[in-house]
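So you can see what is in the structure, the chains are spelled out below.
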Amino acid sequence: MATLAAQGLTLSDVDLGGFDAESDYKLSEYFVRTSYVDAALTGRRTLLLGRKGSGKSALFRELP
């Protein structure tokens, strides 16, 4: 496993994304399609519950 130091990098060089998923400009690159996404795409009324930061808003941002 390569370390940051071995690559000439520091922690400040690492892009950890945005504070919230829906404002993360790279979200679509690592968005994982799950059965919950498929259920939301069926067009049926779906209720998604989750704690703050669990990805509810990010999910709706990534839906086509």
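Every chain begins its residue count from 1, and numbering advances along the sequence as written. Local features are withheld for residues below a pLDDT of 70 in this predicted model, meaning they are given only at 70 or higher, and side-chain atom pairs are given and counted only at 80 or more; totals for whole chains, interfaces and linings count all residues. Note that water and hydrogens are dropped before the side-chain values are worked out from all heavy atoms of the structure.

### Details of a nonpolar patch on the surface
Alright, step 1. Like charges are joined within 9 Å and nonpolar side chains (Val, Leu, Ile, Met, Phe, Trp, Tyr) within 5 Å, but only among residues with over 30% relative accessible area and no salt bridge; these make up the patches. Calculation of accessible area relied on Shrake-Rupley with a 1.4 Å probe; when residues are assessed, cover is drawn exclusively from the protein chains displayed. Definition used for salt bridges: Asp or Glu carboxyl oxygen within 4 Å of a side-chain nitrogen of Lys or Arg. A cluster of nonpolar side chains, contributed by L4, L9, L11 and V14, occupies part of the molecular surface with about 320 Å² of accessible area.
Alright, step 2. Counting through the fold element by element, L9 comes out in the segment before α1 (27-30).
Alright, step 3. Its relative accessible area of 33% is what places L9 among the partly exposed residues. Per the convention used, a helix needs a DSSP run of H or I reaching at least four residues, while a strand needs a run of E reaching at least two, with both numbered from the N terminus. Exposure classes here rest on a 1.4 Å probe applied to the protein chains alone. A residue is buried below 20% of its type maximum, exposed above 50%, and partly exposed in between.

### Quick look at the environment of F31
Alright, step 1. Looking at the secondary structure, you find F31 in the loop between α1 and α2 (35-41).
Alright, step 2. Each C-alpha atom, one on F31 and one on L59, is 8.6 Å from the other, the two residues being 28 residues apart in sequence.
Alright, step 3. Note on contacts: a residue pair is in contact if any heavy atoms of the two residues lie within 4.5 Å. With residues up to four places along the chain from it excluded, the contact list for F31 reads V37, A58, L59 and E62.

### Considerations on the confidence of the model for the chain
Alright, step 1. pLDDT runs from 0 to 100 and stands for how confident the predictor is about each residue. Mean pLDDT over the chain: 80, with 88% of residues reaching 70 or higher.
Alright, step 2. Considering each helix and strand of the chain separately, the mean pLDDT is smallest for α1, with a value of 78, and largest for α2, with 82.

### Describing the pattern of salt bridges
Alright, step 1. Under the criterion given, the structure shown has one salt bridge.
Alright, step 2. The shortest N-O distance in the salt bridge between R33 and D38 comes to 2.6 Å.
Alright, step 3. Overall, the relative accessible area of 35% leaves D38 in the partly exposed class.

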